[in-house]
Amino acid sequence: MEARGAEKEWKCQHWWIIDEKDIGHCKYCPAVRDFGKEREAWLRRHKEAVRALGAIGVKRSLRPWSK
Ligand SMILES: [Zn+2]
């Protein structure tokens, strides 16, 4: 087996720096993620839970990607 390129591939854990437009830029690699869109999708998926929580003050904590 010679095709072992994956071995060289560096797996970035991604350290997201999120700007005011909710676009995340990784601190360590050129990766970009649209967190605004992802949050929308996430919110849609968790609509029931969000409603149950009362939506007030919850927005800030609706960032499952940041611990
Ligand atoms: Zn990265």
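Computed from a predicted model, the values in this text were never measured in an experiment. Throughout this description, residue numbers start from 1 for each chain and increase along the sequence as written. It should be noted that, the model being predicted, local features are given only for residues of pLDDT at least 70 and side-chain atom pairs only at 80 or more, the latter also being counted only at that level, while totals for whole chains, interfaces and linings use all residues.

(A) Region of the structure containing the overall build of the protein chain. Secondary structure follows DSSP: runs of H or I at least 4 residues long count as helices, runs of E at least 2 residues long count as strands, and numbering of each begins at the N terminus. Counting secondary structure elements, the protein chain contains 3 helices and 3 strands. Start at the N end of the protein chain and walk to the C end: the helices and strands fall as α-β-β-β-α-α. Counting over 67 residues, the protein chain shows a buried share of 1%. Long-range contacts, defined here as pairs at least 24 residues apart, represent 3% of the contacts in the protein chain between residues at least 6 apart. Counting other C-beta atoms within 10 Å of its own, a residue is labelled buried from 20 upward, exposed at 12 or fewer, and partly exposed in the gap between, with every C-beta atom placed from the backbone. We call two residues in contact when the distance between their C-beta atoms, placed using the backbone, is within 7 Å.

(B) Main features of the pairing of strand 2 (residues 23-26). Strands were regarded as paired on the criterion that DSSP finds at least two bridges between them. Judged from the 3 bridges that link them, strand 1 (residues 16-18) and strand 2 form a sheet pairing that is antiparallel. Its bridge partner being in strand 2, Ile17 is matched across the sheet by His25. Between strand 1 and the antiparallel strand that follows it, strand 2, lie 4 residues; Asp22 among them carries a positive phi value of about 70°. Bridge count between strand 2 and strand 3 (residues 32-34): 3 bridges; the pairing is antiparallel. Note that in strand 3 the partner of Gly24 across the bridge is Arg33. Between the antiparallel neighbours strand 2 and strand 3 lie 5 residues.

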